[in-house]
Amino acid sequence: MSYVIFEYSKYDTLFIPKVKLIHDHFSYIYLDCVNIYCENKKMEEKKSKVNERKHVLMVPYPSQGHINPMLNFSKRLSTKGVYVTIVTTIFISKSMHRLHSSTLPDSIKFDTISDGYDQGGFAQADSIASYLSNMEAIGSKNLRELIQKYNFSEYPISGIVYDPFLPWALDVGKEFGLVGAAFFTQMCAVNYIYYYVHHGLLKLPVSSIPISIPGLPLLELKDTPSFVDNPDFYPPYFDMVMNQFSNIYKADFILVNSFYKLEEQVVSSMSKLLPLLTIGPTVPSFHLDKVSPNDRDNDIHLHRLDSSASTWLNSKPEGSVVYVSFGSMVSLSKEQMEELALGLKGTGFNFLWVINVLERKKLSKELFDEICEGEKGLVVNWIPQMEVLSNKAIGCFLTHCGWNSTIEALSLGVPMVAMPQWTDQPMDAKFVEDVWKVGIRVKVNENNIVKGEEIVFCLRQVMEKDSGKQLRINAKKWRDLAIEAVSEGGTSDNNINEFVKNVIRS
């Protein structure tokens, strides 16, 4: 006769059954359930850990100046246990060049959606209006499918961080009940003045000068974003920057690539209207708090890189080189290119000038050969900017004052000569010169051209005069404050923790 006796033994604070089978001849075997229980327990713990490690989708506008700030923010999130998928368009995905030294963590992945122009991207579209319209129609459908795909995986989506140039991404995220955060790639002051225009708090065209807005310095028209100065300049872009606020009330957070002490007054004013968190500077960690010491440069580039600059820079004395770059989107007139070349040559300084192939054609062969003669000047197609700005040979940055370039220079303590062109750049230049006091803004003539003599004058002020010494002191102060902001317990670090905490609760 056989019978079964049920016993219980304590295992991992839970009680599980052991089955003892007694045979007639007093022999017995244990059919132990412990091994089965352990396997189930491990699976449950793995599932629990996966659920605790939240998964955030990043949806940047498909251009380099919008992708890299989100990528650098993603690297910050990854150090805090967040899994990130960066969503690019199919065309951008095929166009991206990764740095050979890129060390992206395994917790950051890329995925794609279609903007309707998979072969040529924005250049394939008839207009910006048609591009944005098609991207919304096709991209929103693809994004919805992407979220559904991940929600049936071991890493379901819990939050979406989107570029406000793509407001429909927030609508899609809210269909799934996700925490939604707008990520502004421009400074708070620019976003604030756009907010005022969108809500009719600042009427256009501006009728009274100077412009007075709480939290901002008094502004002349030349200090405002080009769409405020001249809203008819490019209506599709004006509509795009205004549409950033079309559904902003649905966002749980407004993330801005800036830091509190850099824009203290405007952040305080804007925070009364929106759930604002400054989370910048979103630049590679090596140059600030070094929490990820191998994170040295922006990992993604949409242009082929020129590797000749490093050796050339390393051969130059400390503080002797003017770095010149106008970003990935600015196109100067032929006359302005010539004046810029003559100005650089006229300074007698070493200079490193980033010019793409199309812009280079605006210079005559004779002038191009003249500025590149000898070892004084080097012209390159595209280079890793953080690597250049961090080189000790750099003494000044002649810049268009795009926000990425501006905050990178601030983060590395490099004084600037500001030569703004359009969009947010005039306002960035205003702060560079008058608020942060880390640079000089060039003056334009009656034809809106910066003459070569003006370029010579401004560069010499920064590179040679006593005023340049004070600019460097101020630049170092802002660098130190940027490091403080992203370091443990700093304002940006605390704000990132706040965002992560709310994503984990979702």
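See above for the structure.
Attention in this report is confined to the structure presented alongside it. The shown structure was predicted, so the numbers you read here are calculated from the model rather than taken from an experiment. Each chain has its residues counted from 1, running along the sequence as written. Thresholds applied to this predicted model are a pLDDT of at least 70 for local features of residues and 80 or more for the giving and counting of side-chain atom pairs; totals over whole chains, interfaces and linings are not thresholded and use all residues. Side-chain descriptors were evaluated using all non-hydrogen atoms of the structure, hydrogens and water having been removed beforehand.

### Concerning the sheet that holds strand β11 (residues 276-278)
Two strands qualify as a pair provided that DSSP identifies no fewer than 2 bridges between them. Helical segments are the DSSP runs of H or I of at least four residues, strand segments are the runs of E of at least two, and each set is numbered from the N terminus. As summarised here, the arrangement of the 7 strands in space is β7-β5-β4-β8-β9-β10-β11, forming an open sheet in which the pairing is parallel. Pairing within the sheet leaves two strands with one partner each, and these edge strands are β7 (108-113) and β11. Strand-to-strand twist of the sheet, defined as the mean angle between neighbouring strand axes without regard to direction, takes the value 25°. As paired elements, strand β8 (residues 157-162) and strand β9 (residues 179-184) share 4 bridges and run parallel to each other. If you follow I160 over to β9, its bridge partner there is G180. Contacts from helix α5 (residues 168-175) reach β4 (55-59), β7, β8 and β9 within the one sheet, and its direction differs from that of β8 by about 170°. Where helices are involved, their axes are fitted lines through C-alpha atoms of the stretch in contact, as for all axes, and angles between N-to-C directions lie from 0 to 180°. Residue contacts are counted whenever heavy atoms from the two residues lie within 4.5 Å of one another.

### Quick word on the pattern of salt bridges
Any Lys or Arg side-chain nitrogen located within 4 Å of an Asp or Glu carboxyl oxygen qualifies as a salt bridge. Counted according to the given criterion, the structure contains 22 salt bridges. Its salt-bridge partner being K469, residue D466 comes within 3.7 Å of it at the nearest N-O pair. Residue D466 and its partner K469 are located together in helix α18 (residues 466-486), separated by 3 residues, close to a single helical turn.

### Description of the nonpolar core
We call a set of buried residues a nonpolar core when its members are Ala, Val, Leu, Ile, Met, Phe, Trp, Tyr or Cys and they connect through side-chain atoms within 4.5 Å of each other. Working definition: with a 1.4 Å probe on protein chains only, accessible area under 20% of the residue-type maximum means buried, over 50% means exposed, and in between means partly exposed. Among the nonpolar cores identified, the biggest contains 134 residues, and L143, L352, W353, L398 and W436 are the most heavily contacted of them. No other element matches the 9 residues that helix α6 (residues 188-198) contributes to this core. Taken domain by domain, the makeup of this core includes at least three residues from each of domain 1 (53-297 + 490-503) and domain 2 (306-383 + 392-483). For W353, the contacting residues outside a window of four places in its chain are V324, M337, L340, A341, L344, L363, I371, L378, V379 and V380. Within the second largest apolar cluster, 23 residues are counted, among which are V56, M70, L104 and I279. In this document the domain limits rely on a domain assignment from an automatic tool or a database.

### Here we look at the packing of aromatic side chains
Each Phe, Tyr or Trp ring (for Trp, its six-membered ring) is paired with any other whose centre lies within 6.5 Å, and the angle between the two planes then decides the class: stacked below 30 degrees, edge-to-face above 60, tilted in between. Enumeration according to the criterion identifies 17 aromatic pairs in this entry. Measuring from centroid to centroid gives 5.3 Å for Y237 and W422, while their planes differ by 85°, and the two rings are edge-to-face. Of the two residues, Y237 sits in helix α8 (residues 235-243) while W422 sits in the loop between β17 (416-418) and α16 (425-435), which places them 185 residues apart along the sequence. Arranged with centres 5.8 Å apart and planes meeting at 80°, the rings of F253 and F499 form a pair that is edge-to-face. Residue F253 is found in strand β10 (residues 253-256), and its partner F499 is found in helix α19 (residues 491-505); the two are separated by 246 residues along the sequence. For the pair formed by F253 and F499, the shared burial category is buried. These aromatic residues form a ring-pair network of at least three members: F227, F233, Y234, Y237 and W422. Our definition puts a charge over a ring when NZ of Lys or CZ of Arg is within 6 Å of the ring centre and also within 35 degrees of the ring normal. One residue, K149, lies across the ring of Y150, its end atom 4.7 Å from the ring centre. Of note, K290 hangs over the ring of F286, and the distance from its end group to the ring centre comes to 4.8 Å.

### Some remarks on the layout of surface pockets
To find leftover empty space, one rolls a probe the size of a water molecule over the atoms. By volume, the second largest pocket is sized at about 760 Å³. The wall of the second largest pocket is formed by 26 residues, among which P420, Q421, W422, V444 and N448 lie closest to the centre. Residue classes follow a fixed rule: Ala, Val, Leu, Ile, Met, Phe, Trp, Tyr, Cys and Pro count as nonpolar, while Asp, Glu, Lys and Arg count as charged, and any other residue, Gly among them, counts as polar. In terms of residue class, the lining of the second largest pocket is made up of 13 nonpolar, 8 polar and 5 charged. Viewed by domain, the lining of the second largest pocket spans two of them, domain 1 (53-297 + 490-503) and domain 2 (306-383 + 392-483), each represented by three or more residues. Both cavities and pockets are sets of points on a 1 Å grid over the protein atoms alone; in a cavity a 1.4 Å probe fits but cannot get out, in a pocket the set is open with protein on both sides within 12 Å along at least five of seven lines, and lining residues sit with an atom within 4 Å of a point. Grid points are joined across faces, edges and corners, and a volume is the space filled by probe spheres set on the points.

### Considering the environment of Y117
Examined against the element boundaries, Y117 turns out to sit in the loop between β7 and α4 (128-151). Relative accessible area serves as the criterion here: at 9%, Y117 is assigned to the buried category.

### Some points on the side chain of Q186
Here Q186 is to be found in the loop between β9 and α6. Those residues in contact with Q186 that lie beyond four places of it in its chain are N191, Y194, V256, W403 and D424.

### Some thoughts on the sheet that holds strand β16 (residues 394-399)
Read from one edge of the open sheet, 6 strands run β15-β14-β13-β16-β17-β18, paired in parallel fashion. Here the strands that pair on one side only, and so sit at the sheet edges, are β15 (377-380) and β18 (439-441). On average, each strand axis in the sheet is inclined to that of its neighbour by 15°, with strand direction left out of account. Bridging between strand β13 (residues 321-325) and β16 involves 5 bridges; their strand directions are parallel. Paired with V321 across the bridge in β16 is I394.

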